[in-house]
Every structure is written in structure tokens, then in C-alpha cells.
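Here is what each chain is made of, one letter per residue.
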Amino acid sequence: QTAVINQAWDYASKGVTAVFNSGSPDVFDNIYQNVLVAMDQEGLLPQRHYGALSVMIGLNGEFVAHKLLQNRTKCVELDELINYNTLKLYLSPENQDTLFGENLRAICESAMERGFDVEIQVTGKEVQLMCFQVLGTLKIGGAGKSCFTVVHNETLTDDERYAHLSPGEVLEVPLTQPQSASNEEKIHSLTIGAAEKLALLDKLGTVEADKYADFAIFASNPLEGKELPPVVMTMVAGDIAFDIEEDQPEEWNRLVLAQNFDDESFID
């Protein structure tokens, strides 16, 4: 609990208003989600959270879909502050024999049929091309369809990339970000870029009408200077979620701990 709360406070102090769980064991994800719910009940949740089911081995597609739906059900009454929208797959030369071909196709289709987005992190160019070959057999894209993201650091030609995929079907994201990025590039990556990766650009990423009122307030212009300035406040859903002068992780821990002692189901 303390680690989750301290992490949330640290994220807030850096201006983060939405967090994507890019992969953790399911048992830890359940514990994490319980702490987030307790924080939300105390009005202390400073970020939106987007959960993901991580799969690194070959599993039955229907079983994967059941786990996704089970975790999504826990979030239905949380005002979109805690979400569960994504299947996260890891492909590498070490597991391509168990999580590939027809098995990969079946898992992706089961997730897509239930409206989940799919993110695939790929290691190795050969595995990357094989991944595109499998994705090319799926019906991807279109209004209301699942978003596909492939995370990799391979240099591909247009011919290699589109031998099986049509342009725009799959969003490609570099596995590592350049260290020399300017402040403007960093802010773009953390706002518009991040929202695109999560297929949430219609809700997040920019401050405009019909989007979530989630944003950070810096002490000075973040586009000036060599480093990003301190964050003094963040807003989530139009409410103050974090104020550097008033919020302390020790107080957050005290409030959540007091609530947990009154909640036997959480303690169990």
C-alpha cells in the first residue's frame, strides 16, 4: 500500500494525470487495484489508471478473454478513473514457439471481440516480421474497433512493414525514447503521444472541449529552460487532484490505512 501511494504522489508531483500499467503479474495488479479503489474512496486518487493483462506464454484465447472481462468488471462503477482496457503481449525469440501463429491469432481475436485494445512488445526483427504476418490475417482498424500497438526498436523498410499490413492499421512505437529530446518533444510524447498509444486521443492528450479536464500546472513555462519546471498542481476530471503545498504522502497513507481497518474484505 505504501509503495502504491508513494508512487502516485511522485507521479503527481511530476504532473502525471494518467498511468498505463504496461505489464505486471496479475496477482500484483489485483492488489494494486485494491489500493487504488481505497484511495478513490478517500478522494485521493491523483491519476486515471489504465490496467493491462500481461501474457508471455501461450494460453487459451477464451481464458485470456475471461481474465480481461473479470478485471474490467471491477472498474465499471469507478467513473472512468480506474480502467482495464488492454491486453499486453510479449513476443521474443525465447517464447515465439509457444505464443505465435494460430495461438497468437486466437488470443488477439478473443480480446478484440470483447472490445479490448492489444499492445504487442516485440524483440528481434525476425519475430517482428512474423508478428506483422499474423496481424495481417486479422481485421484491424475502423470505427469502434480495437486499437493495435506494436512496440519495437527494429528498423524496417516500407516494403517489410506493409507486406502484410495496410498503412495505419497498427500504431508503431519505439521501445526506448531518445534521451536528447527537447522539452517540447518530451511534453508532446507525454501528452498527445501517450494518448495516441492508448487509443485515447479523443479523451486525453490535449485541453479542449469534450475531453477529460485533466492537466498539470507548472511553476513556469515548461517550454523554456533545459529542465521541466516543478509542478504545483494537477487537475483530474476538473477537480484539484494534487497540490504541492497541501498534499503529503504520509497523510495519504494515514487516511487509506484508517479506511482499510474498517474494510474487512480489503484486509482479507
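A few points on the structure. Just so it is clear, the structure is predicted and the values come from calculations on it, not from any experiment.

**Focus on a nonpolar patch on the surface**
On the surface, Val207, Phe215, Ile217, Val232 and Ile244 cluster together to form a nonpolar patch covering roughly 370 Å² of accessible area. On the accessibility criterion, Val207 (67% relative accessible area) is exposed.

**Some thoughts on the side chain of Thr234**
Note on placement: Thr234 falls in strand E8 (residues 231-236). The exposure class assigned to Thr234 is buried, which follows from its relative accessible area of 0%. Discounting residues that sit within four places of it in the chain, Thr234 has contacts with Ala12, Gly15, Thr17, Pro46, Phe215, Ala216, Asp239, Ile240, Ala241 and Phe242.

**Describing the packing of helix H3 (residues 61-73) against helix H4 (residues 101-113)**
Packed helices, taken two at a time, are described by the angle their axes make and the gap between the axes. One way to put it is that H3 packs onto H4 with a least axis distance of 8 Å and a crossing angle of 35°. Seen from above, H3 lies across H4 with right-handed handedness. Residue-level inspection shows Gly61, Glu62, Val64, Ala65 and Leu68 of H3 in contact with H4, the latter providing Ala106, Ile107, Ser110 and Ala111. Grouping the constituent residues of the contact of H3 with H4 by class yields 6 nonpolar, 2 polar and 1 charged.

**Regarding unusual backbone geometry**
Within the chain, Ala199 stands out as a residue other than glycine whose phi angle is a positive 55°. Topologically, Ala199 is positioned in the loop between helix H7 (183-197) and strand E7 (215-218).

**What about the packing of aromatic side chains?**
Summed over the entire model, instances satisfying the criterion amount to 1 aromatic pair. For the pair Trp9 and Phe242, a centre-to-centre distance of 5.7 Å together with 80° between the ring planes defines the contact as edge-to-face. Note that Trp9 is positioned in helix H1 (residues 2-13) and Phe242 in strand E9 (residues 239-243), a separation of 233 residues in sequence. Taking relative accessible area as the criterion, Trp9 reaches 18% and is therefore assigned buried. The buried category is assigned to Phe242, whose relative accessible area is 0%. Residue placement shows Arg72 over the ring face of Phe116; its charged tip is 3.8 Å from the ring centre.

Criteria and cut-off values
- Residues numbered from 1 in each chain as written.
- Predicted model: local features only at pLDDT ≥ 70, side-chain atom pairs only at ≥ 80, totals over all residues.
- Heavy atoms only, no water.
- Patch = residues over 30% accessible without salt bridge, like charges linked within 9 Å, V, L, I, M, F, W, Y side chains within 5 Å.
- Areas by Shrake-Rupley, 256 points an atom, 1.4 Å probe, with all protein chains shown as cover.
- Salt bridge = Lys/Arg side-chain N within 4 Å of Asp/Glu carboxyl O.
- Buried < 20%, exposed > 50% of the residue type's maximum accessible area, 1.4 Å probe, protein only.
- Helix = DSSP H or I, 4+ residues; strand = E, 2+ residues; numbered from the N terminus.
- Contact = heavy atoms within 4.5 Å.
- Axes fitted to C-alpha atoms, helices over the stretch in contact; angles between N-to-C directions.
- Left-handed = near helix turned anticlockwise from the far one by under 90°.
- Nonpolar A, V, L, I, M, F, W, Y, C, P; charged D, E, K, R; others polar.
- Phe/Tyr/Trp six-rings, centres within 6.5 Å; stacked < 30°, edge-to-face > 60°.
- Lys NZ or Arg CZ within 6 Å of the ring centre and 35° of its normal.

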